[in-house]
Amino acid sequence: REHNGLHTYPMGKTDTVYTVPDGIESFQNGAFYGCSSLTEITLPDSINSIAEATFSDCTGLVKINIPEGVGRIKQNTFYNCSSLTSIDLPGVYSIEYMAFCECSSLVDVSLSDEIGSIDETAFVGCENIKAVFKGVTYTYNDFNALFDAL
């Protein structure tokens, strides 16, 4: 833990559930990289920034909450989180390059009405996705229509 940020999750821990302590506001790049034993991570409302590749290769991750104060899902944040099945993005206005790339189990994504930017590579490899934006459901093959709606 550095200042109000989490530098890295301890390597070698085999816990399956982790709750980030209250007061943590941000993560360093790759803070949870490769923590494949984690299946559930609970983030406090104090989180306002998630760095690039924070949860990359957390292949066991099934459940995570994104606090409303997080506005951007940065590049590779959830890259290859192949067990993640759903995610709610209540305050997110931007989803960057390959943010959810290869999240092959990802089906349900709830997008904020404030979303204004989704990189065209953000959901590559998520063929079963159903993203809900302003009450409309978009499948992987409909994403061009979603991009046009932004």
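What this report covers is the structure whose coordinates are included nearby.

What counts, and where the lines are drawn
- Residues numbered from 1 in each chain as written.
- Predicted model: local features only at pLDDT ≥ 70, side-chain atom pairs only at ≥ 80, totals over all residues.
- Heavy atoms only, no water.
- Core = buried A, V, L, I, M, F, W, Y, C linked by side-chain atoms within 4.5 Å.
- Buried < 20%, exposed > 50% of the residue type's maximum accessible area, 1.4 Å probe, protein only.
- Contact = heavy atoms within 4.5 Å.
- Phe/Tyr/Trp six-rings, centres within 6.5 Å; stacked < 30°, edge-to-face > 60°.
- Helix = DSSP H or I, 4+ residues; strand = E, 2+ residues; numbered from the N terminus.
- Pairing = 2+ DSSP bridges.
- Disulfide = S-S within 2.5 Å.

**Quick word on the nonpolar core**
The biggest cluster of nonpolar side chains holds 45 residues, and the ones touching the most others in it are F32, F55, F78, I95, F100 and F123. Every residue in contact with F100, bar those within four places of it in the chain, is listed here: I73, F78, L84, I87, L89, I95, L106, A122, F123, V124 and C126.

**Considerations on the packing of aromatic side chains**
Taken as a whole and judged by the stated rule, the model has 12 aromatic pairs. Measuring from centroid to centroid gives 5.1 Å for F100 and F123, while their planes differ by 0°, and the two rings are stacked. Here F100 is found in the loop between β8 (94–95) and β9 (108–111), whereas its partner F123 is found in the loop between β10 (117–118) and β11 (130–133), with 23 residues between them in sequence. When its relative accessible area of 0% is taken as the criterion, F100 is described as buried. With a relative accessible area of 3%, F123 lands in the buried category.

**A word on the pairing of β9**
Burial along β9 is one-sided: the residues V109 and L111 are buried and none of D108 and S110 is. Bridge analysis of strand β7 (residues 86–89) against β9 gives 4 bridges, and the strand direction is parallel. For D88, the partnering residue across the bridge sits in β9 and is S110. For β9 and β11, the ladder comprises 3 bridges, and the chain directions are parallel. Along β11, the bridge assignment pairs S110 with V132.

**A short note on unusual backbone geometry**
Positive phi outside glycine occurs at N80, with the angle close to 60°. For N80, the location among the structural elements is in the loop between β6 (72–73) and β7. Positive phi, normally seen in glycine, also occurs at K134, with a value near 50°. With respect to the element layout, K134 can be found in the loop between β11 and β12 (136–139).

**So, the sheet that holds β8**
The strand order across the open sheet formed by 3 strands is β6-β8-β10, and the pairing between neighbours is parallel. With partners counted over all chains shown, the strands left at the sheet margins are β6 and β10, one partner each. Across 2 bridges, the pairing between β6 and β8 is parallel. Opposite I73, over in β8, you have I95 as the bridge partner.

**Quick word on the state of the cysteines**
Scanning the entire structure with this criterion turns up 0 disulfides. Free cysteine: C35, not disulfide-bonded; nearest cysteine sulfur from C58 at 5.2 Å. A residue is classified by how much of its surface remains accessible, and C35, at 8% relative accessible area, is buried. Counting only cysteine sulfurs, C81 is the nearest neighbor of C103, a cysteine outside any disulfide, at a range of 5.0 Å. Residue classification places C103 among the buried positions, given a relative accessible area of 0%.

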